[in-house]
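Chain residues, written in single-letter form:
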Amino acid sequence: MKESKRNGLPFLTRLAYGSGNFASNLMAGTAVAYISYYYTDIAGLPVAAVGVILLMCRLLDGITDLIMGGIVEKTNTPEGKARPWIKRMAIPFGIATFLLFFSPGCGMVGKIIYAGATYVIGIAIIYTAISVPYNTLSALMSKTPQDMERLATMRTIFGLVGPLLIMTVSLPIVNALGGDQRAWSILAAIYGALGTILFLWVYFSSEEKDSAEVSKTDNKAKISIKEKLKELFGNKYWIFVITMSLIIFIMNGIQGGVMVYYCKDVFKNANIYSLFSIAALLPSILSCFFMPALFSKVGKRNASLGGFVITTLSTLVMMMFSENLPVFIAAMVASSFGSAPMVVALFAMLGDVAAYGEWKNGKGGEGFIFSSQTFAEKAGGAIGGAITSFVLAAGGYVGTAEVQSASAIMGMKVCMLGIPLMLGIVLIVLLFFYDLDKKLPAIMAER
């Protein structure tokens, strides 16, 4: 596959690249949506212990993100810098996905230790070792903003289709298989095998720019992690984008983790979880197809700002009608439409940040920049999942109870609505001051 300067990367190449985000979600998305529920209601772990596992283990893996970013920076092979790692980690990724949803019968202490160990190995090591190279690959396949936006769009579409399918088909499949521990293990085995196949498709369908062009960007192999971190923190736009990414993933972690509880205990109907999933994700998926055209017209920042105003107002409506199902679903749909520009733009903004860094310092550092995005994704999901667990625990949630207390129900509403509303306001303020879109044309002209 060779890049066409006129038409950019071929559609099938972009399609294959995007499928890698679907594969990622087969582990990460399933964990965000179900791992808390699985630990408390299937494996029988205390909800407070689950909060500690989610927070401590996934914050710990932030270190491995930066390490993996450095490894990618120093990798130089005939296949490139990122692609070799996708090939190497595809099979371990499938195995780790299965092990996350397997709980041995070794007593409560043993179960907690096993959960913590498999979470660290699966998310902090194996997922990091494949997701950091995968994220970095987009910046190595092409340097043009148009290709970056198209890759980001395709990646986002698959990144939303993945959770949508996971959230709509997982519970029906599990229930059809018996709804027990064995059923979850079978589901995880299926997801793991599919993830392995899709990552191998990414590997065989992609091609990095020639090694001479990649290696001349900067002497990455000679740059220490300490020096690169100093360089990154000196890039104000990197701070903007990573902070916004962290907020988005915290919101996703909180709402994704509490949604199954909200359906089961607030609306008293666990079967509407699929409806919630469709309302939360399908509008964003449909909107993604129009994002490149929208970005070219108003810019990534303006599209994201306007969209998130809609999302925040929609969350306020959901708060006002927290137990009115029709209004709640309608507001979720509006919120999903509003969040689409931001979800797509964040990944494309990282390419802009790399271009700015190269223009400013003569160094790109794609491996470190995209590894920091992986850190934001996992740290945000960890913080969001832990917040959900701690708030539910503080409200007195009991996984085996037939009916939850009023304080537990309030905790679910705080997680689903209150905290995301506050974080949405913070995000709007950050977007208001983000101005790299205006400067990027001049920067690209000078590169």
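Residues numbered from 1 in each chain as written. Predicted model: local features only at pLDDT ≥ 70, side-chain atom pairs only at ≥ 80, totals over all residues. Heavy atoms only, no water.

Draft legend 1. Region of interest: the overall build of the chain. Assigned secondary structure in the chain consists of 16 helices and zero strands. Its C-alpha radius of gyration of 21 Å places the chain within 12% of the 22 Å reference for a compact globule of 447 residues. Dimensions of the chain, computed from the C-alpha atoms along their principal axes, are close to 65 × 45 × 40 Å. Relative to its full complement of 447 residues, the chain shows a buried share of 59%. Taking the contacts inside the chain whose residues are at least 6 apart along the sequence as the reference set, 84% of them involve residues at least 24 apart. For the chain, the distance from the average site of its 35 positive side-chain charges to the average site of its 26 negative ones is 3 Å. (Helix = DSSP H or I, 4+ residues; strand = E, 2+ residues; numbered from the N terminus. Rg over C-alpha atoms; globule rule 2.2 N^0.38 Å. Buried < 20%, exposed > 50% of the residue type's maximum accessible area, 1.4 Å probe, protein only. Contact = heavy atoms within 4.5 Å. Lys, Arg positive; Asp, Glu negative; His and termini not counted. Charge placed at Lys NZ, Arg CZ, Asp CG, Glu CD.)

Draft legend 2. Helix α15 (residues 406–433), seen in detail. An ideal rise of 1.5 Å per residue puts 40 Å on 28 residues; α15 measures up with 40 Å between its terminal C-alpha atoms. In the structure, α15 departs most strongly from a straight axis at valine 414, where the bend amounts to approximately 45°. (Expected span 1.5 Å × (residues − 1). Bend = angle between axes of the 7 residues up to and from the residue.)

Draft legend 3. Main features of the packing of aromatic side chains. Applying the stated criterion to the full structure yields 23 aromatic pairs. Between the aromatic rings of tyrosine 261 and tyrosine 397, the centroid separation amounts to 5.0 Å while the plane-to-plane angle is 80°, which identifies the pairing as edge-to-face. Taken together, the positions of tyrosine 261 in helix α9 (residues 236–266) and tyrosine 397 in the loop between α14 (366–394) and α15 put the pair 136 residues apart, joining distant regions of the chain. On the accessibility criterion, tyrosine 397 (6% relative accessible area) is buried. Through successive ring pairs, a cluster of aromatic residues spans Tyr34, Tyr37, Tyr38, Tyr39, Phe101, Trp184 and Tyr273. Between arginine 83 and the ring centre of tyrosine 203, over which it is positioned, the NZ or CZ distance is 4.5 Å. Residue placement shows arginine 88 over the ring face of tryptophan 85; its charged tip is 4.5 Å from the ring centre. (Phe/Tyr/Trp six-rings, centres within 6.5 Å; stacked < 30°, edge-to-face > 60°. Lys NZ or Arg CZ within 6 Å of the ring centre and 35° of its normal.)

Draft legend 4. Summary view of the layout of surface pockets. What the second largest pocket holds in volume is close to 260 Å³. Taken together, 16 residues make up the lining of the second largest pocket; nearest its centre are Tyr37, Leu171, Asn175, Ala270 and Asn271. Contributing elements (two or more residues each) for the lining of the second largest pocket: α1 (11–42), α5 (145–176), α9 and α10 (273–288). Looking at which element gives the most residues to the lining of the second largest pocket, the answer is α5, with six residues. Per-class residue counts for the lining of the second largest pocket are ten nonpolar, five polar and one charged. (1 Å grid on protein atoms, 1.4 Å probe; cavity = no way out; pocket = protein on both sides within 12 Å on 5 of 7 lines; lining within 4 Å. Points joined across faces, edges and corners; volume = space filled by probe spheres on them. Nonpolar A, V, L, I, M, F, W, Y, C, P; charged D, E, K, R; others polar.)

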